[in-house]
Amino acid sequence: MDQELLEQYRNQLKCSFEQLDDTFEDCMLEAFTSLSDQGIKDYLKGASLVCMIGRGFEPVLVYLEEMPQVAKILGENCLSTVSQAVWELSRSPNGNSIPPFLNSVAEAARRLGSEELFQKYLDLLFDLAEKTTGSIHGHHTTFPSPGLPLLLANVPYLLNQLSLEGLQNWVDYGIRNYPDHPERQENYFSLQSADSKAILQRERHGTLFIDNERKLNLYLKALWDVKFYMIPYSTGFDELRKPVPYFDNLGVRVPDVLDDVMDESTKIVTAKGIDRYRAILSHIVAHKRWSTPIVADNFSPFQRVAIETLEDSRVELLAMRIYPGLRSIYTSLHPRPIEDDCDNEVESCIRHRLAMLSYAILNPDHGYSNPDILECREQFFDAMQDGESSTSEMASIAISFIAKTRRQTDQLAKMYFKDTEIDYRDENRHLWIYIELSDDEEMFEDSKKQAKKEEEEEDNGLPPRHYHEWDYNTKSYRPDWVSLYETLHPPGNPADIDALLEKHALLAKRLKQLLDLLKPQQYVRIRYQEDGSELDLDTAIRSLIDYKSGSTPDPRINMSHKHDGRDIAVMLLLDLSASLNETPPGSDKTILELSQEAVALLSYAIEHLGDQFAIAGFSSNTRHEVRYQHIKGYSEHWGDDVKARLAAIEAGYSTRMGAALRHASHYLGNCQADKKLLLVLTDGEPADIDVSDSKLLIEDTRKAVQELDQDGIYTFCINLDPHADEYVQDIFGKQFLVIDKVEQLPEKLPYLFMTLTG
């Protein structure tokens, strides 16, 4: 931007904070591309007004950063609307609500989408402020609203769950029932109280999966004689990715809520939410029954999309042959693209053509005249005339259709999307087998390896356990948020671990000498036992005297013995995320290999001591798939079976640590021991690909450590990240050790264990 023009804009902004000079140019660049000349004037005038309220630099910065995008969504009138709202709040006792209000404006604008609804949202906020702001004498407001800042902090979550009308009803309930109870009002608007959650659930729009899960299970059993494990996902937390239904070996993913479909012109409901769930499940059942995976590597992306479209149509036709009533449901949910609506000269129309083809196959009264679509439709029904056809035959028809209709403009970045999204269909990941990885398939594993993995999970897997997760923003748990799958780790070659121990033979010998000093050496008598290993003569004589004298004798005439010393149960929890494949500077081994050596030595040491001991590893691929793999159980000895599993460990995915800690404590908590120690070996902070807020999983892990501490489990973290000091103390307090030189891990880990338990 021209410096002279930038200086003119800076002079229009009546604000003297020095920090503003560092960010002003970047803010103006965005404003210059998003706003008109009058809009820029209103923008700077609004920022000046926010600066004048005397609340510091942060409100001004948030206004400058967020409002260009807000104005782009709602129109430039909102610039003055928001600044005036901030000014009104500053003139009231509710000045503490200004930062959360400004932070919520952008999300509210995205969710509401219109200036009219946004104004109603502001009216709702000021109505809450007016009715809950306290007064001493009843004339002048004195105390700030207890609920307003808490509501604003939860606005992104609430608008993801409720319509604006539902939000109004939820807020009205809190105002009506707790006008004179500040503490209860705080609990309500922070989503802590039971009635707050109950009213939120009542006001949620659409058909909730959780309310209809039993009906859908009965539907699958009655009509299709199948039973699926269904995992709901939220469409409200992932606007960018827009998740769609899919299935894999872990279960079927479905939306947690679906709205009724309404004809916008007549305002008549054409499909209920429960019918949308039935359409999704019947489509997935049809794929599982009739689709066959094919190799993807020889097909282009356009060819794959066409194959998926025709395969979707094939399995739906087979389903409709069994239950003809499905046609009306599919037709009501399938968009009807307008034939000449896509301009081939300026945009890519491939999605438009395929959506027209899909609709033409589904609805005999499609009304299309495009000869290519009619010819392909005829080929499709010819293939289906004599039976079920096949996925491979659909692939041949799809390739022919793409070749015949392909245009140069199909490669354009601008693609036509209107009426092309068929939201009851799954994403078809099950249709493809990938032999070689490319840029298009880098997210998938090698097909043979994946097939082996799925087979192992099918043999050894258990039903998932669901764990809550702490949300520090709302200061509440997300119930049943994480799905954890536990398996017995597949075996490898135990000789690899024996080779590692042989390599560290001198270290193992020194460990053995120290361990002999820690082993319990003496037996202690435990007297007054009804059952024991030998007779306690003194007690037996006294009981005999009592018996002879007519008194009731003491039956506890035996005694037993136990070691005087250690009574410890230990769980070693290994982070097996993908970062363990990295090689630290100055080493010729990966972090995973060094961890194997350290765990092998530690296991040798603990076995020599005779302590109860278990090993498990964990990784995660979103909250729906936390993998927990048993390497050694408490009842197992350090033998070839355990060595084989340890030799086979591999690193992959992410680090959702809180759920793994809670699951490890489930087993460790059931051990009978005076001291319970949970050792966590990790190389980084908790993180996962479905979480953008880096603090969220750190706070959840911190909460999990607190829960374990309350249950009498001592948690200690060994962290291999040189930068761990930035976060590890927040999670584990003083119960951690950062090992900067990772190559020292095999030597330090056993000694650390002896320090903690000696």
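Here the structure is a predicted model, which means the values were calculated and not measured.

Requested: an account of the overall build of the chain, with residues and values cited.
Tallying secondary structure elements over the chain gives 29 helices and 22 strands in all. Counting only C-alpha atoms and orienting by the principal axes, one finds that the chain spans roughly 105 × 85 × 70 Å. Across the 758 residues of the chain, 50% fall into the buried class. Partitioning the contacts of the chain with sequence separation of at least 6, the portion at a separation of at least 24 is 70%. Accessible surface for the chain amounts to roughly 37300 Å². Of this, 49% is attributable to carbon and sulfur atoms.

Describe the pattern of salt bridges, with residues and values.
Summed over the entire model, instances satisfying the criterion amount to 26 salt bridges. Close ionic contact of D127 with K131 constitutes a salt bridge, the shortest N to O distance being 3.4 Å. Of this pair, D127 and K131 both sit in helix α7 (residues 115–132), 4 residues apart, which is roughly one turn of the helix. Look at K131 and you get partly exposed, because its relative accessible area is 48%. Between K503 and E597 there is a salt bridge whose closest N-O contact spans 3.3 Å. Residue K503 is found in helix α21 (residues 494–503), and its partner E597 is found in helix α24 (residues 591–609); the two are separated by 94 residues along the sequence. Shared partners join several salt bridges into a network, and the residues in it are E469, R656, D688 and D690.

Any details on the packing of aromatic side chains? Residues and values, ideally.
As enumerated under the stated definition, the model contains 14 aromatic pairs in all. Positioned above the aromatic ring of W87 is the side chain of R91, whose terminal nitrogen or guanidinium carbon lies 4.4 Å from the ring centre.

An account of empty space enclosed by the protein is requested, with residue identities and associated values reported.
With the rule as written, the count across this model stands at 4 cavities of 30 Å³ or more. Estimates place the volume of the largest cavity at around 60 Å³. Here the residues of the lining of the largest cavity sort into 3 nonpolar, 2 polar and 3 charged.

An account of helix α15 (residues 301–322) is needed here, citing residue identities and associated values.
With 22 residues, α15 extends 32 Å from end C-alpha to end C-alpha; this agrees with the ideal 32 Å at 1.5 Å per step. Burial analysis of α15 places 17 of its 22 residues in the buried class, which makes it a mostly covered element.

Quick rundown of unusual backbone geometry? Include the residues and the values.
Positive phi, normally seen in glycine, also occurs at D225, with a value near 55°. Examined against the element boundaries, D225 turns out to sit in the loop between α13 (209–224) and β4 (230–233). Residue classification places D225 among the exposed residues on the basis of a relative accessible area of 57%. Within the chain, K475 stands out as a residue other than glycine whose phi angle is a positive 55°. Relative to the helices and strands, K475 is located in the loop between β12 (465–471) and β13 (476–488).

Which residues make up the side chain of R478, and what values do they have?
Within the secondary structure, R478 is located in strand β13. Overall, R478 belongs to the buried group, its relative accessible area being 17%. Side chain to side chain, R478 and D471 meet in a polar contact 3.3 Å long.

Just give me the short version of the sheet that holds strand β18 (residues 612–620), but keep the residues and values in it.
The sheet built from 8 strands is open, its strands ordered β12-β13-β19-β18-β17-β20-β21-β22 with mixed pairing. Single-partner strands in this sheet number two, and they are β12 and β22 (736–738). With strand direction ignored, the average angle separating the axes of adjacent strands in the sheet is 25°. Sheet strands in contact with α24 are β17 (568–575), β18 and β20 (675–682), and its direction is about 160° off that of β18. Sheet strands in contact with helix α25 (residues 640–647) are β13 and β19 (626–632), and its direction is about 145° off that of β19.

Tell me what's going on with the confidence of the model for the chain, and back it up with residues and numbers.
In regions of low pLDDT, the predicted coordinates are not meant to be interpreted in detail. Confidence in the prediction for the chain averages 84 pLDDT; 91% of positions are at 70 or higher. Confidence scores differ between elements of the chain, with helix α20 (residues 447–460) showing the lowest mean pLDDT of 45 and helix α26 (residues 657–668) the highest of 94. Here residues 437–461 is a poorly scored stretch, pLDDT under 50, and it has 30 contacts once near neighbours within four places are set aside; other chains count.

I'd love a proper account of the state of the cysteines, names of residues and values included.
Per the stated rule, a full pass over the model turns up 2 disulfides. Sulfur-sulfur distance for the disulfide between C15 and C51 comes to 2.2 Å. Between C15 and C51 the disulfide shows an S-S torsion of about 75°. By sign, it is right-handed. With C15 in the loop between α1 (3–12) and α2 (20–34) and C51 in helix α3 (residues 37–52), this residue pair connects regions lying 36 residues apart in the sequence. Residue class for C15 comes out buried when judged on its relative accessible area of 8%. The side chain of C342 participates in a disulfide bridge whose partner is C349; the two sulfur atoms lie 1.9 Å from each other. Judged by the torsion about the S-S bond (-90°), the C342/C349 disulfide is left-handed. By sequence order of its bonded cysteines, the chain has the disulfide arrangement 1-2, 3-4. In this structure C27 is not part of a disulfide, and its nearest cysteine sulfur, from C15, lies 12 Å away.

Just give me the short version of the nonpolar core, but keep the residues and values in it.
Core analysis: the biggest nonpolar cluster contains 67 residues, and Y43, F101, Y121, L151, L167 and W170 have the highest contact counts within it. Here the element with the most residues in this core is helix α4 (residues 57–74); it accounts for 10 residues. Excluding its chain neighbours within four sequence positions, the residues that come into contact with Y43 are C27, M28, A31, L35, Y63, L64, E65, M67, P68 and L79. Counting residues in each nonpolar core, the second largest holds 61 residues, with V254, I294, V315 and I329 among its members.

Account for the sheet that holds strand β5 (residues 246–248), naming residues and giving values.
If you walk across this open sheet you meet the 3 strands as β4-β6-β5, and the pairing is mixed. Here the strands that pair on one side only, and so sit at the sheet edges, are β4 and β5. Across this sheet, the average inter-strand angle for adjacent strands is 25°, counted without regard to direction. With respect to the sheet, helix α14 (residues 273–290) is in contact with β4, β5 and β6 (251–255), its orientation differing from that of β6 by roughly 155°.

Tell me about the packing of α4 against helix α5 (residues 77–90), residues and numbers included.
With their axes 8 Å apart at the nearest point, α4 and α5 run at an angle of 135° to one another. As the angle between them shows, α4 and α5 are arranged oblique. For α4 against α5, the interelement crossing comes out right-handed. On α5, the residues that touch Y63, M67, V70, A71 and L74 of α4 are C78, L79, V82 and S83.

What counts and what doesn't
Residues numbered from 1 in each chain as written. Predicted model: local features only at pLDDT ≥ 70, side-chain atom pairs only at ≥ 80, totals over all residues. Heavy atoms only, no water. Helix = DSSP H or I, 4+ residues; strand = E, 2+ residues; numbered from the N terminus. Buried < 20%, exposed > 50% of the residue type's maximum accessible area, 1.4 Å probe, protein only. Contact = heavy atoms within 4.5 Å. Areas by Shrake-Rupley, 256 points an atom, 1.4 Å probe, with all protein chains shown as cover. Salt bridge = Lys/Arg side-chain N within 4 Å of Asp/Glu carboxyl O. Phe/Tyr/Trp six-rings, centres within 6.5 Å; stacked < 30°, edge-to-face > 60°. Lys NZ or Arg CZ within 6 Å of the ring centre and 35° of its normal. 1 Å grid on protein atoms, 1.4 Å probe; cavity = no way out; pocket = protein on both sides within 12 Å on 5 of 7 lines; lining within 4 Å. Points joined across faces, edges and corners; volume = space filled by probe spheres on them. Nonpolar A, V, L, I, M, F, W, Y, C, P; charged D, E, K, R; others polar. Expected span 1.5 Å × (residues − 1). Polar contact = N/O pair within 3.5 Å; in protein donor to acceptor, adjacent residues only side chain to side chain. Pairing = 2+ DSSP bridges. Axes fitted to C-alpha atoms, helices over the stretch in contact; angles between N-to-C directions. pLDDT = per-residue confidence, 0-100. Disulfide = S-S within 2.5 Å. Core = buried A, V, L, I, M, F, W, Y, C linked by side-chain atoms within 4.5 Å. Parallel < 35°, antiparallel > 145°, perpendicular 65-115°, else oblique. Left-handed = near helix turned anticlockwise from the far one by under 90°.

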